[in-house]
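Coordinate inspection notes
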Amino acid sequence: MRRAQEEEREGVATNLADRGPQRAATHHRFFGWFWARRAWIAATVGILFILSTLYVLWAVKDLPNPSQDVLAAGDVIVLDRNGKLIEDWSPAGHYHVSLHLNEMGQYAPAATLAAEDRNFYHHGAVDLGSTARAVWVDVTHLGLREGGSTITQQLVKIQLLTPQRSVSRKVQEMVLAVALEERFSKDQVLTMYLNRVYYGHGAYGIGAASRTYFTKDAKDLTPAQAAFLAGLIQAPAAYDPQNHYDLAREREMYVLGGMVATRALSQDQADQAATENVKSELKIQATARQSKAPHFVDYVLSSLESTFGSAAVQQGGITVHTTLDLDLQQVADSAVKNGVKDLKWANINNSALLAANPKNGEILAWVGSADYGNDAIAGQFDVVLAERQPGSSFKPYVYEAALRDHKITLATKLDDRTQNFNGYVPHDFDNGGMGMISARTALVYSRNIPAVEVGQMEGMNNVINLAHAMGIKSHLDPGLSTAIGGSDVTLYEHLQGYQVFANQGQKFELSVIRSIDDGSGRTVYTHDIGGGQSVLSPAESYLITDVLKQYQYKWGFGWNRQMASKTGTSDNGHGQIPDSWIMAYNPDIVAGVWVGNTAPNGGGGTIRAFGESVGQTIMARFVNGLPNKMRSFYSQPSGIQHGCGSDPNEIFLSGSCTQASPTASPSASPSGSPSPTGLTSPSLPPTPTPLPTPLPSPTPPVGSSKPTPT
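Quick caveat, the model's predicted, so the values are computed rather than measured. (Residues numbered from 1 in each chain as written. Predicted model: local features only at pLDDT ≥ 70, side-chain atom pairs only at ≥ 80, totals over all residues. Heavy atoms only, no water.)

**Some remarks on the overall build of the protein**
When helices and strands are counted, the protein shows 24 helices and 22 strands. For the protein, with 710 residues in total, the buried portion stands at 54%. For the protein, the proportion of contacts with a sequence separation of at least 24, taken over those separated by at least 6, is 73%. When the accessible area of the protein is evaluated, it comes to approximately 30,000 Å², of which 53% is carbon and sulfur surface. (Helix = DSSP H or I, 4+ residues; strand = E, 2+ residues; numbered from the N terminus. Buried < 20%, exposed > 50% of the residue type's maximum accessible area, 1.4 Å probe, protein only. Contact = heavy atoms within 4.5 Å. Areas by Shrake-Rupley, 256 points an atom, 1.4 Å probe, with all protein chains shown as cover.)

**So, the packing of aromatic side chains**
Both the distance between ring centres and the angle between the ring planes are used here to describe each pair of aromatic rings. Counted under the stated rule, the structure contains 20 aromatic pairs. Ring centres 5.5 Å apart and planes at 40 degrees place the aromatic pair Tyr299 and Tyr492 in the tilted group. One end of the pair, Tyr299, is in helix H13 (residues 294-308); the other, Tyr492, is in helix H20 (residues 491-502), and 193 residues separate them in sequence. Pairing Tyr498 with Phe501 gives two aromatic rings, centres 5.6 Å apart and planes at 75 degrees, and the pair type is edge-to-face. Placement of the pair is Tyr498 and Phe501 together in helix H20, with a separation of three residues, close to one helical turn. For the pair Tyr498 and Phe501, one class covers both residues: buried. Three or more aromatic residues joined by ring pairs make a cluster, and in this case those are Phe394, Tyr397, Tyr498, Phe501, Tyr585, Phe633 and Tyr634. The residue whose ring lies beneath Lys186 is Phe120, and the NZ or CZ to ring-centre distance is 4.3 Å. For Lys279, the ring lying beneath its charged end belongs to Tyr245, and the centroid distance is 5.1 Å. (Phe/Tyr/Trp six-rings, centres within 6.5 Å; stacked < 30°, edge-to-face > 60°. Lys NZ or Arg CZ within 6 Å of the ring centre and 35° of its normal.)

**Re the packing of helix H10 (residues 241-261) against helix H11 (residues 267-274)**
Across the interface, H10 lies against H11 with an axial gap of 9 Å and an inter-helix angle of 165 degrees. In terms of orientation, H10 and H11 fall into the roughly antiparallel class. In this structure, H10 meets H11 at a crossing whose hand is right-handed. On the side of H10, the interface is formed by Arg249, Glu252, Met253, Leu256 and Val260, while H11 contributes Gln267, Ala270, Ala273 and Ala274. When its residues are assigned to classes, the contact of H10 with H11 shows six nonpolar, one polar and two charged. (Axes fitted to C-alpha atoms, helices over the stretch in contact; angles between N-to-C directions. Parallel < 35°, antiparallel > 145°, perpendicular 65-115°, else oblique. Left-handed = near helix turned anticlockwise from the far one by under 90°. Nonpolar A, V, L, I, M, F, W, Y, C, P; charged D, E, K, R; others polar.)

**Points about helix H7 (residues 186-196)**
Most of H7 sits out of view: nine of its 11 residues are buried. Where H7 is concerned, the buried positions are Lys186, Val189, Leu190, Thr191, Met192, Tyr193, Leu194, Asn195 and Arg196.

**Considerations on the pattern of salt bridges**
Taken as a whole, this structure holds 21 salt bridges when the rule is applied. The closest approach of N and O atoms between Arg514 and Glu362, which form a salt bridge, is 3.4 Å. In this pair, Arg514 sits in strand S14 (residues 513-517) while Glu362 sits in the loop between strand S6 (350-356) and strand S7 (363-367), placing the two residues 152 residues apart along the sequence. A residue is classified by how much of its surface remains accessible, and Arg514, at 31% relative accessible area, is partly exposed. Between Asp546 and Lys549 there is a salt bridge, and its shortest N-O distance comes to 2.9 Å. Residue class for Lys549 comes out partly exposed when judged on its relative accessible area of 30%. The network of salt bridges with shared partners includes Arg440, Asp546, Lys549 and Glu650. (Salt bridge = Lys/Arg side-chain N within 4 Å of Asp/Glu carboxyl O.)

**Regarding the nonpolar core**
Leu304, Trp366, Tyr399, Tyr585 and Phe622 are the most contacted members of the largest nonpolar core, which has 132 residues in total. Beyond its immediate stretch of four places on either side in the chain, Tyr585 contacts Tyr498, Phe501, Ala502, Ile544, Thr545, Leu548, Met563, Ala564, Val590, Phe633 and Tyr634. Counting 54 residues, the second-largest nonpolar core is a separate cluster that includes Ala111, Ala177, Leu194 and Ala226. (Core = buried A, V, L, I, M, F, W, Y, C linked by side-chain atoms within 4.5 Å.)

**Concerning the packing of helix H16 (residues 395-404) against helix H18 (residues 448-458)**
Interhelical geometry of H16 versus H18 gives an angle of 45 degrees and a closest axis separation of 9 Å. It follows from the interaxial angle that H16 and H18 lie oblique. Note that H16 runs across H18; the crossing there is left-handed. Here H16 contributes Lys395, Val398, Tyr399, Ala401 and Ala402 to the contact with H18, which in turn contributes Asn448, Pro450, Ala451, Val454, Gly455 and Glu458. Within the contact of H16 with H18, the residues separate by chemical class into seven nonpolar, two polar and two charged.

**Details of the side chain of Gln419**
The topology assignment puts Gln419 in strand S10 (residues 419-420). Its relative accessible area of 2% is what places Gln419 among the buried residues. Here Asp415 takes part through its backbone oxygen, which lies 2.7 Å from a polar atom of the side chain of Gln419. (Polar contact = N/O pair within 3.5 Å; in protein donor to acceptor, adjacent residues only side chain to side chain.)

**With respect to the sheet that holds strand S18 (residues 580-586)**
The strand order across the open sheet built from five strands is S7-S6-S19-S18-S17, with neighbouring strands paired in antiparallel fashion. Unpaired on one side and paired on the other, S7 and strand S17 (564-569) mark the two borders of the sheet. Strand-to-strand twist across the sheet, computed as the mean angle between neighbouring axes with direction ignored, equals 10 degrees. Strand contacts of helix H15 (residues 326-342): S6, S7 and strand S19 (589-596), with the helix running at about 30 degrees to S7, the strand carrying the most contacts. (Pairing = 2+ DSSP bridges.)

**Description of unusual backbone geometry**
Phi is positive for His406, close to 60 degrees, though the residue is something other than glycine. With respect to the helices and strands, His406 occurs in the loop between H16 and strand S9 (413-416). Taking relative accessible area as the criterion, His406 reaches 22% and is therefore assigned partly exposed. In this structure, Gln504 is a non-glycine residue whose phi angle is positive, near 55 degrees. Mapped onto the elements of the fold, Gln504 is located in the loop between H20 and strand S13 (506-507).

**Side note on the environment of Phe308**
In this fold, Phe308 is placed in helix H13. Overall, Phe308 belongs to the buried group, its relative accessible area being 12%.

**Considering the environment of Leu414**
Residue placement: Leu414 occurs in strand S9. Classification of Leu414 by relative accessible area gives buried; the value is 0%. Residues Leu414 and Ser438, 24 residues apart in the sequence, show an inter-C-alpha distance of 5.9 Å.

**With respect to the pairing of S19**
Buried residues dominate S19, accounting for eight of its eight residues. Neither face of S19 is left uncovered, since the one carrying Ile589, Ala591, Val593 and Val595 and the one carrying Val590, Gly592, Trp594 and Gly596 both have all their residues buried. Relative to S19, S6 runs antiparallel, the two being bridged by seven bridges. By the bridge assignment for S19, Ala352 is matched with Trp594. Taken together, the seven bridges between S18 and S19 define a ladder with antiparallel strand orientation. Within the sheet, the bridge partner assigned to Trp581 lies in S19 and is Trp594.

Pasting the structure below:
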């Protein structure tokens, strides 16, 4: 055994000894090959160096000279789905004031450094530490997030490079940044950046921004105002204070903290600046903007920022092919403007409309307010993205959840009489009751108490989970008032939810961009719609559609084609209406409309119109103006059966006939038992009139302080 081990060791030693000369020979051959071709290799390296140098010199020649006026960005051309111009985001139509660094005041440059590059004067053109951290984030998150850029790199990005993310582009950016700082001093680079960077609302450079937002010169900005403007640079659309003031305020606080860290402010000065009411000082000046869909373009720019970084907008020189249909946009805009006039009697001064193709989620029309340029209604604020109570337009999610889970059928009898749900006592606007009615009747007549009853039977967490799966992203309170629209949602996400109904259970994320071309016409981005997500089966979604197709006839909307629809009217808890809605769809289009009363400070008054009035005016104008090709409707899918016991004319999910009780039995304590109303012909509440005849205000809820939408 010992002899065998010794022989093995001797063999290994011999093998290693043999490998030494082999490796030496290999290295000798490699260096011999390299030496024989040294001239060609040297020539290749020289050519690459010359080409790189020429490229850098060629690129740097286009950088702005700090002693001259700095040009604003190239155009961002926004086209509709058919190639029609929506807006030319052109430097010629935007505001720019060129300043020297000493004309920018003490705080604006300091705030910008605190926000974007705190060690600007202490590192080279590239901050190797920040770059290494950014690379680590990219690697750990398996994607390019393009962080760690210095101000010099940002200037290169917005002046020279295309809006794309790749390793080669990052290397390109770093090389050009080094070349830029070889040519210009740090002060000159900072001057160019501050004269070039975009702050939103058409303002390029700190000079224009200070006048646009605060009607003062940059040198006169307070520390709080300078920090506020510096915070906008990262994403001017996403931090637009007219739409997202809270986010802009958070950025201001971040910048003030950075100014303390860089010793531009003491902690006491920063604390004092934090108490300044910047919101009250904002005096955003309207630009001479020419756009056929300004709120839509604002959202497109915000999408560009989130997808490609703010440099995509800062630099410009791109053409964005969007999903919008300008013909439908014109119909929508006209419907909103004229519909608001129709509803002036109800104290309505503002409205929003959003429409999409349910088959792929592409936005076709986007009207964020009745008048973008009207400061009296805060017209630049986009109500499509604002959280509002949806009222009864939320009820389809409740019924869908219970139908899908076989807790009810459309034939299940629900108790539309006053009930106490563990302390919550919902009411309808008429304080009436229809007695024992079917789930179908309860939904088409939009009764509140049965909806709460169904929400309790299904479980509000199950309802919320379905609503979230369908597209509602806002927080939904698990209380029973959410069943009748007591939690806020946005029109954007509400339309996403109804898109699932409209597309027979298949969810496609709403989208606004189809493709992007660079300055040379080369496509650098194409949106992948994908295959969609199955949230409901066609049979499950059809149950709701079959009920909602009756809605336009029950409430006299006067539409010229078949749609499925549902209204909503919110209640502020005092019998007053802040918001009214209507959602409508067929296989070709899904649309939503909100109306209300808004004021310049973000507040507003209450209104007197129910959701039915919106269906008879704004939505009627829009639906009746749709192209003839958008007239298809749904055929009954498989998975549906007709008749169950004493309900031969009702439809059911296959297998649900025996799984849901014919009469609901919620764990509620009725506090009153009025005489039942006839089930075959329930008394219809008064139909709202679209003409200047005011409706009676809803009666305040009795025994409940919670809002009771209808």
